[in-house]
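# Architecture at a glance
Here's the letter readout for the chains.
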Number of protein chains: 2
Amino acid sequence: MTTLPAGLPVVVDRGAPGTLVAQISAQLQAAVAGGALRAGDRLPSSRDLAATLGVSRTVVTNAYARLFAEGWLEGRHGSGTYVAGVAALLPGPAARRARPPLGPPPAAGRPPGPGGPARPGRVDLEPGVVWAEGIEPASWRRAWRAAGARLPSRWPDPCGLPELRAEIAAYLRRSRGLAVSPAGVLVTQGVSGGLALLGQHLLAPGTRAGMEEPGYPAGRDVLRQAGAEIVPVRVDVHGVVPGDLPGGLALLYVTPAHQYPLGGRLPVARRQALIAWARATGAIIVEDDYDSEFRYDVGPLPALHSMDPGVIVYLGTASKVLAARFGLGWLVAPPPLVEALAELAPRVGGRVPEPVQHAVLALLRSGDLERHVRRMRLEYARRRAALIEGLAPVAAPGPGDRGEPRPPRLLGDTAGMHMVLALPGGYPAARLAEAAAAAGVVVYPLDRYYAGPPAMSGLVLGYGAATVPQIRQATAILAPLLARLP
Amino acid sequence: MTTLPAGLPVVVDRGAPGTLVAQISAQLQAAVAGGALRAGDRLPSSRDLAATLGVSRTVVTNAYARLFAEGWLEGRHGSGTYVAGVAALLPGPAARRARPPLGPPPAAGRPPGPGGPARPGRVDLEPGVVWAEGIEPASWRRAWRAAGARLPSRWPDPCGLPELRAEIAAYLRRSRGLAVSPAGVLVTQGVSGGLALLGQHLLAPGTRAGMEEPGYPAGRDVLRQAGAEIVPVRVDVHGVVPGDLPGGLALLYVTPAHQYPLGGRLPVARRQALIAWARATGAIIVEDDYDSEFRYDVGPLPALHSMDPGVIVYLGTASKVLAARFGLGWLVAPPPLVEALAELAPRVGGRVPEPVQHAVLALLRSGDLERHVRRMRLEYARRRAALIEGLAPVAAPGPGDRGEPRPPRLLGDTAGMHMVLALPGGYPAARLAEAAAAAGVVVYPLDRYYAGPPAMSGLVLGYGAATVPQIRQATAILAPLLARLP
């Protein structure tokens with residue numbers, strides 16, 4: 001009945017922790033990682049596996065979708081589901097324990113752009129802007145009331161409030177599956193604060209730091225300020241390309257969950273290649289997980305960090321969840337590195353006032369933060385749908401068949417608060433942006449995310465700051481402009 | 001009937017601005033400051049004074065409560081209200097009377113900070129630490145409640161909240177005589193945030209920036225990070241020495257109100273020379289006015305900025321007033337420079353979360369911030385007096401007759417929250433610090449404020465984090481050690 005290889009243990013236990021989807025996908029993933037399933041093996045249909053396991057078909061479909069999204073499986077709807085070619089890249093148990101030295105690395109942050117409050121009637125699709133007023137007023141008030149109930153300390157802990165570090169560790173365990181103790185968490189001034197600390201501590205002047213190209217401009221600035229030589233690292237629609245990594249990097253900044261700005265989700269094989277590369281070269285990988293809270297197709301992917309906490313420093317932020325430039329983030333690293341960075345914190349990378357820490361602590365403890373994330377995920381999903389729908393006549397979502405965009409196409413639409421509209425090669429995005437602005441829609445060319453000459457022409461369309469009706473208004477203006485492209 | 005000293009003018013005027021409570025408390029405070037009321041004088045009961053003045057008893061009770069909270073009055077319920085021994089505030093001999101600390105005593109279990117505080121019984125005289133728990137809990141709560149009442153913005157103004165900039169401008173007019181419009185105020189992440197912005201905007205890589213020697217180590221780091229070549233500028237007990245300024249400086253960082261750390265107050269002739277120098281060379285002077293709120297001999301000096309706002313950028317901070325690393329400061333500059341710096345703010349120099357801005361706005365608007373400053377000024381004055389008194393047998397305050405310290409002497413005692421104990425030339429301060437630490441007192445050598453070889457030996461004694469009894473305990477240990485110096 002089932003086409004699972006004989007002896008493959010996939011069982012479900014309704015008394016066990018974790019959803020059925022998580023149980024099934026974890027077991028299948030372990031089977032691939034452990035070699036029980038091999039590249040090219042065909043999996044049973046979702047209907048068959050559901051019947052075998054006694055679960056609903058939706059459960060299996062969702063488990064497959066998750067593994068598909070993570071790159072463990074491949075195939076097309078209707079023609080079967082196969083194990084992807086990732087097994088060969090899996091490191092052996094010995095390599096897993098190799099502990100590379102923490103060499104010099106750089107870090108990056110996220111830039112709020114030059115845009116300003118909208119003129120009435122104008123729609124601004126600035127990326128990186130958050131629907132800050134989406135927070136429930138009552139939970140916001142409670143959080144700051146809690147902050148005001150605690151007097152400030154004479155000696156604020158440079159690692160952050162211990163209670164907050166513990167809550168963040170628990171949050172990352174719940175939401176991202178990170179195995180992290182409170183001692184491995186540093187409270188930072190957002191992603192850029194964490195990057196500045198890493199740059200200062202790990203990068204001697206002139207050290208080479210790899211940054212995704214296109215990538216996060218403010219991150220580049222922060223690492224350059226720390227004295228690093230910024231080396232562009234090629235990115236395609238799936239994310240960073242490990243085979244193209246330049247030599248001599250002490251640090252590599254990546255956004256595997258949702259490449260910024262192209263939106264790729266790094267496939268498992270590339271993740272494994274990155275880890276192997278870091279182990280072999282002694283480089284540190286900085287994983288910026290800036291907006292993994294907002295994922296619209298399947299649950300968020302496991303963080304790269306989980307694959308080898310010894311070579312990955314993980315960065316996250318409340319800025320995408322609460323408000324742009326909110327100024328509180330977290331860095332996950334081995335406790336000795338956290339301690340070393342905290343010693344620099346009074347001078348480098350900014351401060352997080354204690355009341356801000358108490359407020360976020362209150363939002364985490366009460367569950368208000370996660371409730372807010374769920375509400376905003378729904379809201380952003382509606383906006384995303386409106387944007388895709390409005391541009392459907394002129395731009396299909398997703399990369400083309402061969403993995404490269406056939407413009408105009410919408411890239412990176414499955415997560416976050418922006419997508420990239422890829423334009424025909426060489427077409428000047430600025431000209432399109434000018435025409436759109438003249439008609440009342442502010443859009444941002446992809447060019448500014450490149451350190452060197454842009455390899456792709458496009459617009460970065462943010463929907464964090466625009467309502468569904470505004471997005472409809474914007475696409476009604478953009479679609480005819482796009483239809484007239486050469 | 002009344003026991004007020006004869007001729008003491010306390011009158012109320014229902015037509016005058018200010019509440020009756022404010023009128024009465026201001027007049028009584030003026031009477032103490034002016035000497036019409038003296039330490040130990042008994043005030044009339046609230047019932048009697050209310051009858052005399054024709055106001056409700058609650059009005060008098062509240063006026064007394066305010067003066068009591070601020071330290072002007074003392075006494076117990078039922079046994080009368082007395083003028084406190086506040087002579088430490090006034091020029092002349094130090095007060096002998098001990099006052100209780102404003103906040104709760106240091107908790108035994110307080111988490112160790114960078115200076116490693118509070119093993120029980122140990123006294124930490126770390127400079128730059130603020131008695132953060134001195135804030136009145138009610139005003140702290142009100143401020144953060146106000147912060148929580150406003151939802152965050154999608155596009156936070158990179159210059160800071162307009163209302164806050166206006167309040168800061170008004171505060172600087174009131175407290176420092178600065179003629180500044182709101183457009184000339186930038187809200188920064190403390191002094192270091194302002195310095196980072198200036199460094200990034202004004203200093204091309206390799207540009208020469210003058211820093212006081214000895215001076216503010218974190219300031220040096222920030223400008224160095226911006227790519228500047230740091231050039232030490234000689235300082236004596238009065239402050240920076242304009243005749244010794246090196247050539248080719250694009251920027252000069254100074255602390256004219258209270259040189260950090262030596263404590264000199266820059267004389268007028270040197271101020272004029274600095275201004276003339278800046279005009280002649282085109283250099284920008286950065287005036288860091290970090291703790292001018294706390295001045296014990298005379299009112300704070302006018303800021304250098306007032307002499308020529310065209311060549312001076314003024315920096316101030318709430319970190320000395322509220323809590324160390326509070327992370328909100330201000331920069332005063334010509335509005336076009338403010339605009340240019342604000343454009344960098346999202347990437348450089350850190351962020352000030354909007355709720356923090358709203359909280360400080362509330363503290364300024366309500367007058368709570370200035371009341372807090374006044375109360376803390378009294379408290380710090382008492383600690384200063386205790387420190388001077390305790391060391392009097394071995395170290396006289398003030399520079400020696402010829403303007404240079406004849407050690408051991410106490411320098412810079414007239415302002416702020418620290419003073420410098422100058423030691424005999426070449427004496428290793430670290431050895432003294434070790435002996436003190438072994439006896440339970442943590443003190444900090446002056447060496448770390450020098451970029452180059454220290455020109456003076458000394459200890460920097462902070463009293464922001466130690467209560468009067470703790471300071472007595474510390475001086476009882478330090479004085480014998482000092483008496484044994486060669």
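Let me sum up the structure you'll find in this document. (Residues numbered from 1 in each chain as written. Chains lettered and ligands numbered in written order. Predicted model: local features only at pLDDT ≥ 70, side-chain atom pairs only at ≥ 80, totals over all residues. Heavy atoms only, no water.)

### Digging into the overall build of chain A
- Looking only at helices and strands, chain A has 14 helices and 18 strands in total.
- Taken over 486 residues, chain A has a buried fraction of 61%.
- When contacts within chain A are restricted to residue pairs at least 6 apart in sequence, those whose partners lie at least 24 apart make up 73%.
- In the structure as shown, chain A presents an accessible area of about 17700 Å², 56% of it carried by carbon and sulfur atoms. (Helix = DSSP H or I, 4+ residues; strand = E, 2+ residues; numbered from the N terminus. Buried < 20%, exposed > 50% of the residue type's maximum accessible area, 1.4 Å probe, protein only. Contact = heavy atoms within 4.5 Å. Areas by Shrake-Rupley, 256 points an atom, 1.4 Å probe, with all protein chains shown as cover.)

### Here's the deal with empty space enclosed by the protein
- This structure, assessed with the given rule, holds ten cavities of 30 Å³ or more.
- Space inside the largest cavity adds up to approximately 490 Å³.
- As for the largest cavity, its lining consists of 30 residues, of which Ala-196, Gly-349 and Gly-350 of chain A together with Gly-349 and Gly-350 of chain B are closest to the centre.
- If you list the elements that add at least two residues to the lining of the largest cavity, you get α7 (190-202) and α8 (217-225) of chain A together with α6 (190-202) and α7 (217-225) of chain B.
- Here the residues of the lining of the largest cavity are counted per class, giving twelve nonpolar, twelve polar and six charged. (1 Å grid on protein atoms, 1.4 Å probe; cavity = no way out; pocket = protein on both sides within 12 Å on 5 of 7 lines; lining within 4 Å. Points joined across faces, edges and corners; volume = space filled by probe spheres on them. Nonpolar A, V, L, I, M, F, W, Y, C, P; charged D, E, K, R; others polar.)

### Thoughts on the sheet that holds strand β7 (residues 229-236) of chain A
Residues and elements named next belong to chain A.
- Here eight strands make up an open sheet; going across it, the order is β5-β12-β11-β10-β9-β6-β7-β8 and the pairing mixed. Across the chains shown, the open sheet's two edge strands, defined by having one partner strand only, are β5 (185-188) and β8 (239-240).
- Pairing of β5 with strand β12 (residues 329-332) involves four bridges; the strand directions are antiparallel. By the bridge assignment, Leu-186 is partnered in β12 with Leu-331.
- Sheet strands touched by helix α10 (residues 335-344): β5, β11 (312-317) and β12. Its angle to β5, the strand with the most contacts, is close to 25°. (Pairing = 2+ DSSP bridges. Axes fitted to C-alpha atoms, helices over the stretch in contact; angles between N-to-C directions.)

### Brief notes about the interface of chain B and chain A
- The interface of chain B with chain A comprises 54 residues on the first partner and 53 residues on the second.
- Of the roughly 4900 Å² buried at the junction of chain B and chain A (both faces included), carbon and sulfur atoms supply 60%.
- We note a salt bridge from Arg-154 of chain B to Glu-133 of chain A, for which the minimum N-O separation is 2.9 Å.
- In this assembly, chain B and chain A are joined by 16 residue pairs in polar contact (both at pLDDT 80 or more).
- Of all the elements in the fold, those that place two or more residues in the side of chain B that touches chain A are α4 (137-148), α6, α7 and α10 (354-366) of chain B.
- Per-element accounting of the side of chain B that touches chain A gives the leading share, six residues, to α4 of chain B.
- Considering only residue class, the side of chain B that touches chain A consists of 31 nonpolar, eleven polar and twelve charged. (Buried area = accessible area lost by both parts, 1.4 Å probe. Salt bridge = Lys/Arg side-chain N within 4 Å of Asp/Glu carboxyl O. Polar contact = N/O pair within 3.5 Å; in protein donor to acceptor, adjacent residues only side chain to side chain.)

### Points about unusual backbone geometry
- Residue Pro-214 of chain A is reached from Glu-213 of chain A by a cis peptide bond, and omega for that bond is 5°.
- Of note, Pro-214 of chain A is situated in the loop between β6 (208-213) and α8.
- Notably, Arg-325 of chain B is not glycine yet its phi reads approximately 55°, a positive angle.
- The residue Arg-325 of chain B is located in the loop between β11 (312-317) and β12 (329-332) in this model.

### Focus on the packing of aromatic side chains
- Summed over the entire model, instances satisfying the criterion amount to 19 aromatic pairs over all chains.
- Seen in terms of ring centroids, Trp-140 of chain A and Trp-144 of chain A are 5.6 Å apart; in terms of plane orientation they differ by 70°. Their pairing is edge-to-face. One end of the pair is Trp-140 of chain A and the other is Trp-144 of chain A, both in helix α5 (residues 137-148) and four residues apart, which spans about a single turn. Residues Trp-140 of chain A and Trp-144 of chain A agree in their burial class; the two are buried.
- Sitting above the plane of the Trp-131 of chain A ring, Arg-383 of chain A keeps its charged end 4.3 Å from the centroid.
- The ring of Tyr-427 of chain B has Arg-431 of chain B lying over it, and the distance from NZ or CZ to the ring centre is 5.8 Å. (Phe/Tyr/Trp six-rings, centres within 6.5 Å; stacked < 30°, edge-to-face > 60°. Lys NZ or Arg CZ within 6 Å of the ring centre and 35° of its normal.)

### As for the pairing of strand β7 (residues 229-236) of chain B
Residues and elements named next belong to chain B.
- The pairing of strand β6 (residues 208-213) with β7 spans six bridges and is parallel. Bridging across to β7, Gly-210 finds its partner in Val-231.
- Handedness of the β-α-β unit built from β6, α7 and β7 comes out right-handed.
- Here two bridges tie β7 to strand β8 (residues 239-240), and the two strands are oriented antiparallel to one another. Bridging from a neighbouring strand, Asp-236 pairs with Gly-239 of β8.
- Between the antiparallel neighbours β7 and β8 lie two residues. (Right-handed = clockwise from strand over helix to strand, strands pointing away.)

By themselves, these figures tell us nothing about what the structure is for.
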